[in-house]
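# Fold and contact review
Single-letter residue listing:
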Amino acid sequence: CGREIFGGSSGINAEYGGYMKEKATEKTATDVLQNFDEQLHKYKYMELNLMQRKKRLRGQIPDIEKTLEIVEHMLKKKQEFNTHFLLSDQVHTVARVPPTDKVFLWLGANTMLEYSIEEAVTLLSKNLSTAVVNAGQLDDDLEYLSNQITTMEVNMARVYNWDFKRRKAAAEKK
């Protein structure tokens, strides 16, 4: 909304005046500000959701990397090894892992599937690359939303100032 209507700083009062005169038959400055405020709230809501997704995704990437590292270790060393195993929060135990060609991976939503080690490496590698790409896309989306929020706030301030000047000029005429 802001870029098409109010792009650039030169002649901004003329642009706002023209826009507001165009809308004067159907809207007042208060209505325009209310519409801008609604749009601003939508942008901020979208920003909050994207930030939550980004936080969740940034937490998943190290987990995927760690799992991939373990599965690759199992693929290279086809022999028994000991590891620390998480039983519950703050409770670990030592586990002996026998040589195997199968692993079980948590997929989420209380779902666990059995994979061959090669399939698990492929799946985890794909999931890791997808997560990294998605995190980059979320960064781009957040940057875009930040620019939109700033533009909307500036537009609101300009409409408010335009309306203030218009009211002041009208009061001086009386």
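Residues numbered from 1 in each chain as written. Predicted model: local features only at pLDDT ≥ 70, side-chain atom pairs only at ≥ 80, totals over all residues. Heavy atoms only, no water.

## Quick word on the overall build of the chain
- A tally of regular secondary structure across the chain gives four helices and four strands.
- Going residue by residue from the N terminus, the α and β elements of the chain occur as α-α-α-β-β-β-β-α.
- Evaluated residue by residue, the chain yields a buried proportion of 26% over its 174 residues.
- Per element, the accessible surface of the chain, about 12500 Å² overall, is 53% carbon and sulfur. (Helix = DSSP H or I, 4+ residues; strand = E, 2+ residues; numbered from the N terminus. Buried < 20%, exposed > 50% of the residue type's maximum accessible area, 1.4 Å probe, protein only. Areas by Shrake-Rupley, 256 points an atom, 1.4 Å probe, with all protein chains shown as cover.)

## What to know about the nonpolar core
- With 34 residues, the main nonpolar core has Val103 and Leu105 as its most contacted residues.
- Listing elements by their share of this core, those giving two or more residues are α3 (29-76), β3 (102-108) and α4 (117-173).
- A per-element tally of this core places α4 first, with 16 residues. (Core = buried A, V, L, I, M, F, W, Y, C linked by side-chain atoms within 4.5 Å.)

## Re the pairing of strand β2 (residues 91-97)
- Sheet topology note: the strand β1 (residues 81-88)/β2 ladder contains seven bridges and is antiparallel. Counted as the bridge partner of Phe81 is Val97 from β2. (Pairing = 2+ DSSP bridges.)

## A closer look at the environment of Leu123
- Tracing the backbone through its elements, the reader meets Leu123 in helix α4.
- Sequence separation between Leu123 and Leu105 is 18 residues, and the spatial gap between their C-alpha atoms is 9.9 Å.
- In this structure Leu123 touches Leu105, Leu107 and Tyr115, once residues within four positions along its chain are discounted. (Contact = heavy atoms within 4.5 Å.)

## Here we look at the packing of α3 against α4
- Between α3 and α4, the shortest axis-to-axis distance is 7 Å and the interhelical angle comes to 160°. As summarised for this structure, α3 and α4 are arranged roughly antiparallel, according to the angle between their axes. As for the relative orientation of α3 and α4, their crossing is left-handed in sense.
- Its residues placed into classes, the contact of α3 with α4 shows 33 nonpolar, eight polar and 14 charged. (Axes fitted to C-alpha atoms, helices over the stretch in contact; angles between N-to-C directions. Parallel < 35°, antiparallel > 145°, perpendicular 65-115°, else oblique. Left-handed = near helix turned anticlockwise from the far one by under 90°. Nonpolar A, V, L, I, M, F, W, Y, C, P; charged D, E, K, R; others polar.)

## A short note on the pattern of salt bridges
- The full count for this structure, using the stated rule, is six salt bridges.
- For Glu153, the salt bridge goes to Lys44, with nearest N and O atoms at 3.6 Å. With a gap of 109 residues between them, Glu153 in helix α4 and Lys44 in helix α3 connect regions that are remote in the sequence.
- With relative accessibility at 39%, the residue Lys44 sits in the partly exposed group.
- Through salt bridges with shared partners, one network takes in Lys54, Arg58 and Asp139. (Salt bridge = Lys/Arg side-chain N within 4 Å of Asp/Glu carboxyl O.)

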